[in-house]
Each structure stands twice: as C-alpha cells, then as structure tokens.
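# What the coordinates show
Residue-level listing of the chains:
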Amino acid sequence: MNDLPVRMARWSAGHPWRAIAGWFLFVALCLGTGLAVGGNAATTEDYRVGEGGRAEAMAAEGGLQQKPVERVLISGRPGAGPLDPASADAAARDVTERMRALPEVESVAAPVRSADGTVLRVDVTLKGPELDGKKHVDPLLAQTAEVQKTHPGLLVEETGSPSISKGVGELRGSDLARTEAIALPITLITLLFVFGSIALAVVPLLLALSSIAASIGLSMLASHAFPDAGVGTNVILLIGLAVGVDYTLFYLKREREERARSGGGLSSQAVVELAAATSGRAVVLSGIAVAVSSATLYLADDVIFSSIATGAIIVSLVAVASSLTVLPALLAELGDRAERRAARKAARRGVKPARRPRNGGGRITAAMLRLTSARPAATLGVATAAMLLLSAPLLSLNLTDMGRDTHPRDIPAMQTYDRLNAAFPELKSMHQVVVHAGPGRTAEATAALRDLADRVEDDPRLTGTADLRTSADGRVQLLELPVPHHVSEPEARTSLHDLRTEHIPAVLGTLDGVETAVTGDVARYADYPEHQKDKLPLIIGALLLVTFAVTARAFRSLVLGLVGVVLNLLSAGASLGLLVLVFQNTWAEGLLDFTSTGSVGSRVPLFLFVILFGLSMDYQVFVLSRIREAVLDGAPTRRAVLDGIGRSAGVVTSAAFVMVTVFASFVGLHIMEMKQMGFALAVAVLLDAVVIRILILPALLLMLGDRTWWPSRAAHRDRSGIAATPAKVG
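Residues numbered from 1 in each chain as written. Predicted model: local features only at pLDDT ≥ 70, side-chain atom pairs only at ≥ 80, totals over all residues. Heavy atoms only, no water.

### Observations regarding the overall build of the chain
What the chain contains, in helices and strands, is 22 helices and eleven strands. Relative to a compact globule of 730 residues, whose C-alpha radius of gyration would be 27 Å, the chain shows 30 Å and is just as compact. Taken along its principal axes, the extent of the C-alpha atoms in the chain is 90 × 55 × 50 Å. Counting across all 730 residues of the chain, residues that qualify as buried make up 56%. When the accessible surface of the chain is summed, it comes to about 29900 Å², and 60% of that surface belongs to carbon and sulfur atoms. (Helix = DSSP H or I, 4+ residues; strand = E, 2+ residues; numbered from the N terminus. Rg over C-alpha atoms; globule rule 2.2 N^0.38 Å. Buried < 20%, exposed > 50% of the residue type's maximum accessible area, 1.4 Å probe, protein only. Areas by Shrake-Rupley, 256 points an atom, 1.4 Å probe, with all protein chains shown as cover.)

This is the structure in structure tokens:
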C-alpha cells in the first residue's frame, strides 16, 4: 500500500479540492503555454523518403524544387454551347491581372487552351514552399470568385494542390466535429448505464476531455522537437477519448466494488486507496504499455508516424496522470454522496441497498465462460481457427499511398481537378529526373538529359512536352516528363520502373561523378509504401519485444509475456484481414460510403499494429491483474482464471463498447485513411474484448494451469501488503 499510485491517491483523497484545482490548473497551463508558444508544422523537407526524397533534396539545392501551383479553368457553362474564344480570353486577362497583383503570387503563366478548345487554363505559382500553399490560397480563391461574378456567362473555377489541401482540411474538421457529436453522447449514455449515476458518468468524460485539452497543449510544445504533420490532434482525440474513459472506468468500477465489499465499514479515502492499489496499478501499466508501444513508431523514420507517436504517448501518459491525481479526489467527494443517495432511495422503496454490484458481463459472457471452462481445448482450437481464417485475406494485402486522387469529390476543388485532368490529361502526373553534376559537367549532363527526353519521346505512357531546367550555378538539372495517367494506374508505375531501371542507366549510367534520382507525383506515390514495407519488420519486431517485456515484467512470467504477444498478433491479423476484405473489394462500398481503390493505405497497418498492441494491453493488464490477485489470495489457478475474467468481464465489455463507439465513428469520415483506421481499430477492439479475452485467453490459461506463472516462484505481497509465504502458485 506504499506504491506510488496509492501514495498519490492517498494525498489526493485527503486534499480533494487542492487536487481538483491543481489538475485544472495543470490543464490550463499546458493548453495556454502550447497556444502561446504555438506548434511547429512539418515542412516539405520532413516528408522526403526514398529515392524521390533524395531527388527533391537535390532539386532544392539548385532552387528547382516543386512550387505550389493553382490552375484557373475557364470554360462554357453546361448546355450553353461552345466556348466563346473572345469571352474566354477576356476572362483569362482578368484572372492574370488580378493574380499578378496579389503579394502571395510569384508568377502567372500565359493562358493554355485545351486540345479540343473547350477549356482555357491559367497557371498561377505561389511564393514559398510547396506545403505552405494552402495557407496563402484564400486570396487567390477570392479573386477567382470575383472573376466568375464579372463573367457570369462562363464557368471560372480553381484547383491545385493548395486549394485541394485546404478543402481536405476543412472537410476533416467538419468530419471530426460530427464524430465528436456522435461519440460523446453515446459514451455518456454507456457510462450512465454502467454506473446509474449522472455524476459518476460525467467524471470519465470530463477527465478524458481535460486530458485531451492538456495533451493538445503539450503536443504543440513537443512539435518543436518532433514536427507536427497535421495528424497529431486527430490522434489525440482518437486515443484520448478511448483510453481516458477506459482508465477512469477501470478505477471507478473497482472503487465501487471495494465500497460495496466493505459494506460501509471503510471511509471513502480508504476505499480509494484500495482501488489505487489494484486498478490504479493496472492503469499505470496500461498507460506505460500504450506509450512504449507507440514509441516504436519513431523507428519508421517518417514525420507522419512521429506525429502519431508523439500524440499517442502524450495523451496516454496525461490520461494516466488524471487517473492518479484528480480522479481519487473526485471519488472521495462523490463516493459518500452516492452512497447516501442510494441508501435514501432504497429506504423509500423499502428495500436494502445493494452492497455488491454485479461485476460479470451478463448471461452471454457467463455462457461463453462456461463453455470455455468445460472444453478449453476445443474452444481454443475453434476460436483460434476462426481468427486465423479472418486473417487469411491479409495474404492479398495491397498497400498504396492514399494521395490526391483518393480524396472525396465532395470537395469543390476535387471536382474541378477531375475536369482539369479530362481537358489536360498531360497534367495528371509527372516524372522529374534530377541530375547533380560536378564542376564543369553541366553541358555533359544537359546533353544526356536531352538524349533521355528523345529516348522516351515515343513511349505512349509519357506524352507531352518535356521541360528541362538548370539551376543558376549550372550544377543541378531537372527534366520534367508529363505522364497522362493517374499515379495509381499501372501505366504510371511501370513507366517509373522503366525510367529508373532502363532508360536512366542507359543514358546517364556512363557519366562519372554525376548523381541521378527520380521524383515527381508517381515517385512519391510509389516510394512511400515501399519505405513503409521496409520499416514494417523492424517496427513489428520492436513491438513484439516491447509487448513481451512489459507483460513479463508486470506479472513476473515469461509465459504470460509470450501469451500477450501471440494474442495481440491474432487480433491484429484478424482485424487487418477484415480491413482487406472490406476495403480492397467493392461489396461494402454502399454500406460504408466509400469508393474502393483496391488497396489499403500504406500507413494503416503500422498504425493499427502499434496502437492496437498498446490498447490491447489495457484489457490484458486489467484482466491478468484480477487473475493474479486471486492467485495471491490463495485461489487455485483454474478458479483464479474463471473468477478474474468473470469479475472483469462487465467493465471490459463497457470499456470496449466505448472504444468501439469512438473508433467506429471515424468510419463515417470522408478521408479514406481515417475511415480505414477507424474501421480496423473498432473491429480489433471488438475481437479483442470478445474472442480474445472471453474465449482464447481463459482457454489458454486453463490449459497451461500453474505453468502460466513460470518461472515466478518467489514471494509476493498479498493485498494487505504483508509478504506471502513462498509457495507454488495455484
């Protein structure tokens, strides 16, 4: 009873108002400091990976880096007949004059007419880095709207990476707001059902939201060490609501159980200390597990995963801190009031207040546990086979980068983007061959690039006019080759492969002292998934090692460490298999409102593995803690397994329902990767809570028996803190 969670709970329960005030002061300080300092957004340089990233760095060295470009399209209105050239030219002049007057604009190109003469295009290049374009695109959009008003007989619209990025950000924001509007009420209703008290139901939600607020502020500070790729806040909301409610729920349920067990014989402070000694320890272990598991994402050497890792680590640790500091204070204040209200209500009805709340998971859970206890081997075999069957589609996993082409067409700029590609197919994508030549090699390198352009001129996969540019110092050359295919199409990807493996070696391979690399839209699309595939074994290996080490250390059992690894692999494999089955096919498009790309986002598997392993530790630590607690109280292993899982089933089911609700609400998002992540996590938590924790885990532990605790045979401390006599477990 002198562990850190208990000491913190003891002080908090003894000084409740100080603890409450201190927590909300901490939240305000974190959020206020974060807002005052501001975040540090990732730059273009932070996203460079693979050969494409190397080529971009070379191009930037010569001042030839890609710039943010907006394209204004001028066409006739639908049903209005052919485009009037004179009217279109007048509108193009208006666009050009207005755009050149803007301080955000670097240059405006001469108008270009489509091959069929139906569309006139004006390209506008913005100042600054490529990623900053979305911050400065509003004035351009406003001027395009003014031109549309001035020329009502024409259709004047704008698209480009900056306006598309802006539209995606706005859509993501509205989606998240709608998600919160769905998830928060459902979570509150669930907690009301669990506790039967408005006050106790509000506590987990309040602490989760305050933890999220503090984490957002801390993440802004952390972004100066780990740049924010724009996903940190999304991860904090996603993970924070789930673990914040779960940690508080575990603690609250145990506090109520200990209060009922004492029959009113213990003070609120003593009950809170008992809850801290049991569930409080489990919460600390769970939070550490989520944080350490998330930290393996730093091994991906990718700014997006670094942002995800930073957000997940911060919010999980802040949620643990709230459960150990302010929660005991709130429980100490609310506990006695709740008991008195229950007693008064029971007295009015003429019945005695219930002292022992039901801790099981209901009739269905009880029936499943009876089946498991009666036939553990058969249950283990059937349940494991079912999980492996669900994992089977994983063999056909196809990873691709969910780039611009996959964005929802609800975004106006994407609708214009489709019309742009129809009128100017050569703008669909491009290759950029970058050459870094040594002193005096400029002419030689330039000649070689001209030979390369001639070599691929007749390739039907590369149509359009090649553009060759040279840096001011002559040391860097860039050859841009238009690709009239979307980056996801086979023609685009095979052309990149042939360019890198055949054409460039044949033309430039004989030049000494010349560095060559290929970037561009297609290279970005192709290189990122390959980068993730290369990092996947390293991260999964580290994740398995971390899971094993945390579980084995927490329960002094190598067997349980191995069990944790195997069970997490099963749930991750099954959820990924279902993800492939749903999103790489078209049968669920109408049900889940998406258009299949025949692939899974390249970031999703890594995200799922890491976050799921961390979240699964919540249930694993909580359930195994109850089992080990029963063993240390003298129960045989078989009885400890059944009692521990039976007692924890109710709270695990409630916690899982909250998590599934939060994650499933992300399935309604329009952004494909967010939709896939939400679906995969919701399915994974559901399988983990039902199949793993109620069927496979107890069946496996029942078959292992006393071997579960190997090699631990040392003395432990029982719940009262007195050293137990060394003895064989069980």
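### Considering the packing of helix α1 (residues 4-14) against helix α2 (residues 16-37)
One can describe the packing of α1 onto α2 by two numbers: an axis separation of 5 Å at closest approach and a directional angle of 105°. On the basis of the axis angle, α1 is roughly perpendicular to α2. Contacts from Trp11, Ser12, Ala13 and Gly14 in α1 reach Pro16, Arg18 and Ala19 in α2. The residue makeup of the contact of α1 with α2, split by class, is four nonpolar, two polar and one charged. (Axes fitted to C-alpha atoms, helices over the stretch in contact; angles between N-to-C directions. Parallel < 35°, antiparallel > 145°, perpendicular 65-115°, else oblique. Contact = heavy atoms within 4.5 Å. Nonpolar A, V, L, I, M, F, W, Y, C, P; charged D, E, K, R; others polar.)

### Describing the pattern of salt bridges
Enumeration according to the criterion identifies 30 salt bridges in this entry. A salt bridge links Glu51 to Arg500; its shortest N-O distance comes to 3.3 Å. You can see Glu51 sitting in helix α3 (residues 50-61) and its partner Arg500 sitting in helix α16 (residues 490-508), a full 449 residues away along the chain. The partner of Asp132 in a salt bridge is Lys135, and the shortest N-O contact between them spans 3.5 Å. A residue is classified by how much of its surface remains accessible, and Lys135, at 53% relative accessible area, is exposed. Residues joined by salt bridges that share partners form a network here, namely Arg48, Glu56, Glu130 and Arg524. (Salt bridge = Lys/Arg side-chain N within 4 Å of Asp/Glu carboxyl O.)

### Notes on the packing of aromatic side chains
This structure, assessed with the given rule, holds six aromatic pairs. Arranged with centres 4.3 Å apart and planes meeting at 15°, the rings of Phe250 and Phe622 form a pair that is stacked. Residue Phe250 is found in helix α8 (residues 232-262), and its partner Phe622 is found in helix α20 (residues 604-632); the two are separated by 372 residues along the sequence. Summarising the burial analysis for this pair, Phe250 and Phe622 share the class buried. (Phe/Tyr/Trp six-rings, centres within 6.5 Å; stacked < 30°, edge-to-face > 60°.)

### Thoughts on the sheet that holds strand β7 (residues 429-437)
Sheets are built from strands that pair by backbone hydrogen bonding, the pairs being arranged parallel or antiparallel. Read across the sheet, four strands follow the order β8-β9-β7-β10 without closing on themselves; strand pairing throughout is antiparallel. Of all strands in the sheet, those with a lone pairing partner are β8 (467-470) and β10 (514-519), marking the two edges. Taken pair by pair, the neighbouring strands of this sheet meet at an average axis angle of 15°, ignoring direction. In terms of strand pairing, β7 meets strand β9 (residues 476-483) through eight bridges, oriented antiparallel. Following the sheet pairing, Ser429 is matched in β9 by Val483. Here α3 sits on the sheet in contact with β7, β9 and β10, set at roughly 115° to β10. Most of the contacts of helix α17 (residues 521-555) go to β7, to which it runs at about 90°, and overall it touches β7 and β10. (Pairing = 2+ DSSP bridges.)

### Looking at the pairing of strand β5 (residues 154-160)
Counting buried positions along β5 yields seven of seven residues, so the element is predominantly enclosed. Taking every second residue as pointing to the same face, both faces of β5 are buried, with Leu154, Val156, Glu158 and Gly160 on one and Leu155, Glu157 and Thr159 on the other. Bridge analysis of strand β1 (residues 69-76) against β5 gives seven bridges, and the strand direction is antiparallel. Bridge pairing in β5 links Glu70 to Gly160.

### A look at empty space enclosed by the protein
Within the structure shown, the criterion is met by five cavities of 30 Å³ or more. Looking at the lining of the largest cavity, the elements that each hand over two or more residues are α7 (198-222), α8 and α10 (303-324). Of the residues forming the lining of the largest cavity, the biggest block, three residues, is contributed by α10. In terms of residue class, the lining of the largest cavity is made up of three nonpolar, seven polar and one charged. (1 Å grid on protein atoms, 1.4 Å probe; cavity = no way out; pocket = protein on both sides within 12 Å on 5 of 7 lines; lining within 4 Å. Points joined across faces, edges and corners; volume = space filled by probe spheres on them.)

### Focus: helix α18 (residues 558-583)
With 26 residues, α18 should reach 38 Å at 1.5 Å per residue; the first-to-last C-alpha distance of 37 Å fits that figure. The distance from a side-chain oxygen at the start of α18 to the backbone nitrogen of Val559 is 3.3 Å, and the residue carrying that oxygen is Ser557. (Expected span 1.5 Å × (residues − 1). Polar contact = N/O pair within 3.5 Å; in protein donor to acceptor, adjacent residues only side chain to side chain.)

### Brief notes about the pairing of β7
The buried fraction of β7 amounts to nine of the nine residues, a majority that puts the element mostly inside the structure. Across the two faces of β7 the burial is the same, with Ser429, His431, Val433, Val435 and Ala437 and Met430, Gln432, Val434 and His436 all buried. Relative to β10, β7 runs antiparallel, the two being bridged by six bridges. When the bridges of β10 are listed, Val434 appears paired with Ala517.

### Some words on helix α9 (residues 268-295)
For α9, built from 28 residues, the straight-helix expectation of 40 Å at 1.5 Å per residue is met to within 8% by its first-to-last C-alpha distance of 37 Å. At Ala277, α9 shows its largest kink, close to 40°. (Bend = angle between axes of the 7 residues up to and from the residue.)

### Remarks on a nonpolar patch on the surface
There is a patch of nonpolar side chains on the surface, built from Phe24, Leu192, Ile198, Val202 and Leu206 and spanning about 410 Å² of accessible area. In terms of residue count, α7 provides more of the nonpolar patch than any other element does, three residues in total. With respect to the helices and strands, Phe24 occurs in helix α2. (Patch = residues over 30% accessible without salt bridge, like charges linked within 9 Å, V, L, I, M, F, W, Y side chains within 5 Å.)

Function cannot be read off these values alone, since they describe shape.
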